[in-house]
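The residues making up each chain are set out below.
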Amino acid sequence: LVRDLEPLGPMYPAVLLIFIAFVMMMMLNIVTGVFLRVATEATDRQKVHIVQEEMAKNSEYINRIRDAFAQIDIDGSGGIGVDEFELALEDPKVASLLTRLKIDTSDCQGLV
C-alpha cells in the first residue's frame with residue numbers, strides 16, 4: 001500500500017504510517033480500558049464479599065457471647081453480678097468458652 005502511494009509524493013506514505021500507528025494506539029487504549037473496567041468491577045465485588053463475610057463473623061461472635069452470658073446468668077435476671085461471674089469462672093466449661101471467645105478472664109473485677 002505504501003508503494004502505491006510513493007508516486008504521489010513522500011508525504012503520503014508518511015501520513016499513512018502515522019495514521020496506522022494512531023489507530024493501533026487507539027485500539028490498545030480501548031483494550032486497556034476494557035481490561036481495567038473488568039478488573040475494577042471484580043475488585044468491587046470482592047470487597048463487598050469480604051464485608052459480608054466480616055458481618056457474618058461479627059454476628060456469629062455476638063450470638064456466641066450472648067449464649068455464653070445467658071449460661072452465666074444463673075438467676076435469670078438478665079444481668080450478671082460479680083458473684084455469678086466468679087462462680088461461672090470456676091466452671092472449666094465456661095472458662096474455656098470465654099477463652100475461645102478471646103475474653104481474658106484473668107482479672108474478674110476488671111471485666112465487671
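Since we're looking at a predicted model, the values are computed, not measured.

What counts, and at which threshold
- Residues numbered from 1 in each chain as written.
- Predicted model: local features only at pLDDT ≥ 70, side-chain atom pairs only at ≥ 80, totals over all residues.
- Heavy atoms only, no water.
- Helix = DSSP H or I, 4+ residues; strand = E, 2+ residues; numbered from the N terminus.
- Buried < 20%, exposed > 50% of the residue type's maximum accessible area, 1.4 Å probe, protein only.
- Lys, Arg positive; Asp, Glu negative; His and termini not counted.
- Salt bridge = Lys/Arg side-chain N within 4 Å of Asp/Glu carboxyl O.
- pLDDT = per-residue confidence, 0-100.

Remarks on the side chain of Glu84
Thought 1: Within the fold, Glu84 resides in helix H3 (residues 82-90).
Thought 2: Of the side chains with opposite charge, Arg66 lies nearest to the buried Glu84, which makes no salt bridge, at 16 Å.

Thoughts on the confidence of the model for the protein
Thought 1: Looking at the protein as a whole, the pLDDT averages 83, with 93% of positions reaching at least 70.
Thought 2: Mean pLDDT across the secondary structure elements of the protein bottoms out at helix H5 (residues 108-111), with 57, and peaks at helix H2 (residues 11-72), with 89.

Some words on the pattern of salt bridges
Once the charged atoms of two side chains with opposite charge are near each other, the side chains can pair.
Thought 1: As enumerated under the stated definition, the model contains one salt bridge in all.
Thought 2: A salt bridge links Arg37 to Glu41; its shortest N-O distance comes to 3.8 Å. Of this pair, Arg37 and Glu41 both sit in helix H2, separated by four residues, roughly a single helical turn.
Thought 3: Assessed through its relative accessible area of 39%, Glu41 is described here as partly exposed.

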